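# Structure at a glance
Letter by letter, the chains look like this.
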Amino acid sequence: MRGPTTTAVTLDSVANLTDAVRVLRGRRILVLTGAGVSTDSGIPDYRGPDSPPRTPMMYAEFRSGEPARQRYWARSHLGWRTLGRATPNDGHRAIAALETDGHAFAVITQNVDGLHQRAGSRSVVDLHGRISDVRCLDCGDLSSRRDLRARLDALNPGFGTDVEIETAPDGDAVFEAVHGFRIADCRACGGVLKPDVVFFGENVPKPKVERCYTLVEAADAVLVAGSSLTVLSGFRFARHAASRSIPVVIVNRGPTRADDLATVRVDAGCSQTLSRLAGALRETGAHATGPGVRMAGPTGAVDAVG
Ligand SMILES: NC(=O)c1ccc[n+]([C@@H]2O[C@H](COP(=O)([O-])OP(=O)(O)OC[C@H]3O[C@@H](n4cnc5c(N)ncnc54)[C@H](O)[C@@H]3O)[C@@H](O)[C@H]2O)c1
Ligand SMILES: [Zn+2]
């Protein structure tokens, strides 16, 4: 596994950071995040400059039969050791502070790690689901990954304990010796279990997409952090923001698909840059979001609003 990385803030990115603060101050900010905000927590991304090529399991393959699911769950079970231990970093905390300070009113994340919520963000849409949840494809029952982990441990005592595992994005693990791994079925109906995340080749449920468009409509700026926006799933919200002529600020190391839509681009590390950005906005004291625009439901999650 690659460890946390740091980037020196270049003069250019400092200048752009100043522009970013100027553009964002006084606006109701919607934050759109990707894997790049979690790399400093030790969870690798897919498309960073030093990310090795990966081939995540496609949805059709997962559905193709037991051998594919055995491979998926064996690796994912091992990968969970890392993902389950990951903790929020300064970037997650800065995004939570933007909300607490009244600058940001919601986060749409493509990440499945749950780290925004653990850092204190309250209005979060988990666009691609949460890796800590497990769904039965047959009866729809939702259960916890913690329970499944205990069941898989019991079914496969000692599995993979003697090897050093490289964790891949999405909690997968680079590990080939999956033969003999026993998978668990739904406790309610004996059906097929899948982590409650959107696989490649699968679509985000329509109501969730609609909720995200509503958030873009309610925003008067979008801050993209740590995403290449290669996947249409997240890109479309940046595109919608641009079509509404509201500013799009991108903080990302390396190019993104929305670069030509951006008002300001800061090519630098998320943890450091977002901390500076949140600090600078706090100093401006301009609180753009009042209770009227907060979209959170009783649980505090935008996601929970119907
Ligand atoms: N943590 C997670 O939950 C996780 C991790 C990997 C992938 N995924 C899934 O895979 C898909 C990948 O899309 P994506 O756009 O989120 O990721 P991506 O891998 O396509 O893009 C990540 C971007 O972040 C940049 N980056 C990496 N570390 C950074 C840092 N510290 N500071 C600034 N920039 C940094 C990379 O250069 C890259 O451009 C997502 O849809 C998501 O569901 C989730
Ligand atoms: Zn079931």
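Here we summarise the structure given alongside this text. (Residues numbered from 1 in each chain as written. Chains lettered and ligands numbered in written order. Predicted model: local features only at pLDDT ≥ 70, side-chain atom pairs only at ≥ 80, totals over all residues.)

### A few points about the overall build of the chain
This is how it is decided: Under the DSSP-based scheme used, a helix requires at least four consecutive residues in state H or I and a strand at least two consecutive residues in state E, with every element numbered from the N terminus. Backbone-placed C-beta atoms define the burial measure: a residue is buried with 20 or more other C-beta atoms within 10 Å of its own, exposed with 12 or fewer, and partly exposed in between. Throughout, a residue-residue contact means that the two C-beta atoms, derived from backbone geometry, are no farther apart than 7 Å.
Within the chain, the regular secondary structure consists of nine helices and 11 strands. When burial is assessed residue by residue, the chain has 44% of its 306 residues classed as buried. Pairs at least 24 residues apart make up 75% of the contacts formed inside the chain by residues separated by at least 6 positions.

### Considering the environment of G140
By the element assignment, G140 lies in the loop between strand 4 (129–136) and strand 5 (142–144). Sequence separation of G140 and C186 is 46 residues, and the distance between their C-alpha atoms is 9.5 Å.

### Examining the packing of helix 7 (residues 206–218) against helix 8 (residues 232–243)
For the record, the criterion: Working convention: axes come from line fits to C-alpha atoms, limited for helices to the stretch in contact. Angles between N-to-C directions cover 0 to 180 degrees. Left-handed is the label given to a crossing in which the near helix is rotated counterclockwise from the far helix by less than a right angle, and right-handed is the label when the rotation is clockwise. By the convention adopted, Pro, Cys, Tyr, Trp, Phe, Met, Ile, Leu, Val and Ala count as nonpolar, Lys, Arg, Asp and Glu as charged, and the other residues, Gly among them, as polar.
Here helix 7 crosses helix 8 at 35°, and the two axes come no closer than 10 Å. Like other packed secondary-structure pairs, helix 7 and helix 8 cross with a definite hand, here right-handed. Along the contact surface, helix 7 presents C212, Y213 and V216, while helix 8 presents F237, H240 and A241. Split into classes, the residues belonging to the contact of helix 7 with helix 8 amount to five nonpolar, one polar and no charged.

### Topic: the nonpolar core
Here is the rule we go by: For this analysis, nonpolar core means a set of buried Ala, Val, Leu, Ile, Met, Phe, Trp, Tyr and Cys residues linked through C-beta atoms within 7 Å.
Ranked by internal contacts, the top residues of the largest apolar core, which has 49 residues, are L30, V31, I108, V222 and V224. Those residues within four positions of V222 in sequence are excluded, and the remaining contacts are L30, L32, V216, A238, A241, I246 and V248. The next biggest cluster of nonpolar side chains, apart from the first, holds 19 residues, and it includes A74, V112, I131 and C136.

### Points about helix 4 (residues 90–100)
Counting buried residues along helix 4, 10 of its 11 residues qualify, which places the element largely inside the surrounding structure. On its buried face, helix 4 is in contact with strand 1 (29–33), strand 2 (104–109), helix 5 (115–119), strand 9 (221–225) and helix 9 (270–284).

### A closer look at the sheet that holds strand 8 (residues 193–197)
So the rule is basically this: Should DSSP find at least two bridges between two strands, the strands are regarded as paired.
Here we have three strands laid out as an open sheet, ordered 5-4-8, and antiparallel in their pairing. One side of each edge strand has no neighbouring strand; the edge strands of this open sheet are strand 5 and strand 8. Strand-to-strand twist of the sheet, defined as the mean angle between neighbouring strand axes without regard to direction, takes the value 45°. Across four bridges, strand 4 lies against strand 8 in antiparallel orientation. Each residue of the ladder has a partner; that of R135, found in strand 8, is K194.

### Here's the deal with the sheet that holds strand 11 (residues 264–266)
An order of 3-2-1-9-10-11 is seen for the six strands of this open sheet, with the pairing classed as parallel. The sheet terminates laterally at strand 3 (124–126) and strand 11, the two strands that pair on one side only. Ignoring strand direction, the axes of neighbouring strands in this sheet form an average angle of 15°. The pairing of strand 10 (residues 248–251) with strand 11 spans three bridges and is parallel. What sits directly across from I250, in strand 11, is R265.

### Focus on unusual backbone geometry
With phi around 55°, L229 is a residue other than glycine that occupies positive phi space. One can find L229 in the loop between strand 9 and helix 8. One non-glycine residue, S245, lies in the positive phi region at around 60°. Along the chain, S245 turns up in the loop between helix 8 and strand 10.

### Quick notes on helix 6 (residues 145–155)
What counts is decided by this rule: Within this analysis, the arc is defined by the directions that extend from the helix axis to the C-beta atoms.
Residues R145, L148 and L152 constitute the buried set of helix 6. For helix 6, the buried positions fall inside an angular range of 60° around the axis, keeping them on one side. Within helix 6, the exposed residues directed more than 90 degrees away from the buried face are R146, D147, A150 and A154. In this structure, the buried residues of helix 6 make contact with helix 3 (66–83), strand 4, strand 5 and strand 8.

### Quick word on the environment of S271
Turning to its location among the elements, S271 is positioned in helix 9. Judged by C-beta crowding, with 24 C-beta atoms within 10 Å, S271 ranks as buried. The sequence separation of S271 and T39 amounts to 232 residues, and the corresponding C-alpha distance is 9.5 Å. Non-local contacts of S271, meaning those with residues more than four positions away in its chain, are made with D40, N89, D90 and G91.

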